[in-house]
Amino acid sequence: MLGIYFSGTGNSRYALEFFMKQYDKSASVCPLTDQRIVNYINDNEEIVFSYSIQFSNIPKMLKDFVDDNKNLWNGKKIFVITTMGLFSGDGAGILARRLCKYGAQIQGGLHLKMPDSIADEKALKRPLEKNKMLVKAAEEKIKRAVQSIKCGNPPQEGIGFLYHMAGLFGQRLYFYRKTQHYTDQIKINAQKCIGCGKCAMQCPMNNIHIAQNTAKASKRCTMCYCCINICPQQAITLLGKSVVQQGTIEKYL
Ligand SMILES: Cc1cc2nc3c(=O)[nH]c(=O)nc-3n(C[C@H](O)[C@H](O)[C@H](O)COP(=O)(O)O)c2cc1C
Ligand code: SF4
Ligand code: SF4
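Residues numbered from 1 in each chain as written. Chains lettered and ligands numbered in written order. Predicted model: local features only at pLDDT ≥ 70, side-chain atom pairs only at ≥ 80, totals over all residues. Heavy atoms only, no water.

**Q** Report on the domain arrangement of the chain, specifying residues and quantitative values.
**A** Domain boundaries in the chain define domain 1 (2-179) and domain 2 (187-238). For domain 1 and domain 2, the distance between their C-alpha centroids amounts to 25 Å. On the side of domain 2, 11 residues touch domain 1, which itself brings 15 residues to the contact. When the two sides are added together, the surface that domain 1 and domain 2 hide from each other amounts to roughly 970 Å², 62% of it contributed by carbon and sulfur. Contact with domain 2 buries area across many residues of domain 1, yet Gly8, Met61 and Asp120 alone supply 40% of it, more than any other trio. (Domains from an automatic or database assignment. Contact = heavy atoms within 4.5 Å. Buried area = accessible area lost by both parts, 1.4 Å probe.)

**Q** Report on the packing of helix H3 (residues 60-68) against helix H4 (residues 91-101), specifying residues and quantitative values.
**A** Contact geometry for H3 and H4: axes closest at 10 Å, N-to-C directions at 10°. With respect to their mutual orientation, H3 and H4 come out roughly parallel. The segment H3 lies against H4, with Leu62, Lys63, Val66 and Asp67 engaging Leu95, Arg98 and Leu99. Considering only residue class, the contact of H3 with H4 consists of four nonpolar, no polar and three charged. (Axes fitted to C-alpha atoms, helices over the stretch in contact; angles between N-to-C directions. Helix = DSSP H or I, 4+ residues; strand = E, 2+ residues; numbered from the N terminus. Parallel < 35°, antiparallel > 145°, perpendicular 65-115°, else oblique. Nonpolar A, V, L, I, M, F, W, Y, C, P; charged D, E, K, R; others polar.)

**Q** Provide a residue-level description of the site of ligand 1, including the pertinent values.
**A** The environment of ligand 1 is made up of 24 residues, and the closest members are Ser7, Gly8, Thr9, Ser12 and Leu86. Interatomic distance of 2.8 Å between a backbone N/O atom of Pro115 and an oxygen atom of ligand 1. When atom positions are compared with the pocket grids, ligand 1 is found to occupy the largest pocket. Those elements that provide at least two residues to the shell around ligand 1 are helix H1 (11-23) and strand S4 (77-84). Among the residues making up the shell around ligand 1, the classes are represented as 10 nonpolar, 13 polar and one charged. (Near = heavy atom within 4 Å. Polar contact = N/O pair within 3.5 Å; in protein donor to acceptor, adjacent residues only side chain to side chain. 1 Å grid on protein atoms, 1.4 Å probe; cavity = no way out; pocket = protein on both sides within 12 Å on 5 of 7 lines; lining within 4 Å. Sits in = over half its atoms within 2 Å of the grid points.)

**Q** How would you summarise the environment of Val135 if you had to cite specific residues and measurements?
**A** With respect to the element layout, Val135 can be found in helix H5 (residues 128-150). For the pair formed by Val135 and Tyr225, sequence separation is 90 residues and the distance between their alpha carbons is 19 Å. Discounting residues that sit within four places of it in the chain, Val135 has contacts with Tyr14, Pro115, Ile249, Tyr252 and Leu253.

**Q** Just give me the short version of the site of ligand 3, but keep the residues and values in it.
**A** The environment of ligand 3 is made up of Ile186, Cys203, Pro204, Asn207, Ile208, Cys221, Thr222, Cys224, Tyr225 and Cys227. Its residues placed into classes, the shell around ligand 3 shows eight nonpolar, two polar and no charged.

**Q** Kindly report on the environment of Met201, identifying the contributing residues and their values.
**A** Inspection of the secondary structure puts Met201 in helix H7 (residues 198-202). Residue class for Met201 comes out exposed when judged on its relative accessible area of 65%. (Buried < 20%, exposed > 50% of the residue type's maximum accessible area, 1.4 Å probe, protein only.)

**Q** Describe H1, listing the residues and the values that go with them.
**A** Because an α-helix packs 3.6 residues into every turn, residues spaced three or four apart end up facing the same way. Between its first and last C-alpha atoms H1 spans 18 Å; for 13 residues at 1.5 Å apiece the expected length is 18 Å, and the two agree. Every buried residue of H1 is accounted for by Asn11, Ser12, Tyr14, Ala15, Leu16, Phe18, Phe19 and Met20. Of the surrounding elements, those touching the buried residues of H1 are strand S1 (2-6), strand S2 (28-31), strand S3 (46-52), S4, strand S5 (105-113) and H5. (Expected span 1.5 Å × (residues − 1).)

**Q** Explain the sheet that holds S3 residue by residue, including any values.
**A** Read across the sheet, five strands follow the order S2-S1-S3-S4-S5 without closing on themselves; strand pairing throughout is parallel. Each edge of the open sheet is held by one strand with a lone partner, namely S2 and S5. Taking each pair of neighbouring strands and ignoring which way they run, the sheet shows an average axis angle of 20°. With seven bridges joining them, S3 and S4 adopt parallel strand pairing. Among the inter-strand pairings, Phe49 is bridged to a residue of S4, identified as Val80. Relative to S5, H4 is tilted by about 160°, and along the sheet it contacts S3, S4 and S5. (Pairing = 2+ DSSP bridges.)

**Q** Provide a residue-level description of unusual backbone geometry, including the pertinent values.
**A** Outside of glycine, negative phi angles account for most residues, and trans bonds account for most peptide bonds. Even without being glycine, Asn206 reaches a positive phi, approximately 50°. With respect to the helices and strands, Asn206 occurs in the loop between H7 and strand S7 (208-211). Even without being a glycine, Asn213 presents a positive backbone phi close to 65°.

Now the structure itself:
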């Protein structure tokens, strides 16, 4: 069994690792950016995906990977986990439907509420203790889901027509343009940046490079929010004007 994650602040990675600890300790877990990922997928019939929801949609990088590798999915048995700050009607269903189109068999879906990763927006910012409680609640939900899977009754969150309608009309139609393309909206404050290179090292799209001791961004940002949450100078923003609250999963464990 193989687990694949796309994760900006670590929520979806943590959820997948926790899931695998309960479900199949022998499973491998790797990021979407792993160089050998295509080989791993070829070698495994059962796959669990875990990713963060973006405006009730899947991150562009993950969508492109699935579409660019259409031939990988035929006959695969796939379970989908999505993490979110508050709500997604069919977070798991969006990827599930895409994979189904390429011949995969969808086993089920699980939605997990986790700390919000949009570090430069005030909305959804919770106190530390509340975020810790969210992670604990997610762990309990994962344990229950694994029990259900083992009993042959996997959860079906986000899968099916009603969820589809909730995702589409609840948010996705309204925000569609935000997730259709890669974004060029990353802003790096050159006055604050100390050229440490942390952002460039962690960016899954190699969208940031260091030149003359300052970080510079290109136009292929997949909005994972990793760089914004880890910059020691709070020098990076995307949707908002300034960094309000940084956090990665380690802070909440
Ligand atoms: C660009 C962007 C859009 C988001 N949109 C939503 C959303 O529509 N609904 C929601 O509940 N959470 C939303 N979130 C919050 C994340 O889905 C959530 O914090 C997730 O657990 C982050 O997981 P990660 O650390 O694995 O990236 C959004 C986050 C980002 C960065
Ligand atoms: S992490 Fe922040 S300070 Fe470090 S190079 Fe990137 S923008 Fe500059
Ligand atoms: S530039 Fe930042 S937010 Fe955009 S993909 Fe890279 S790490 Fe993620």
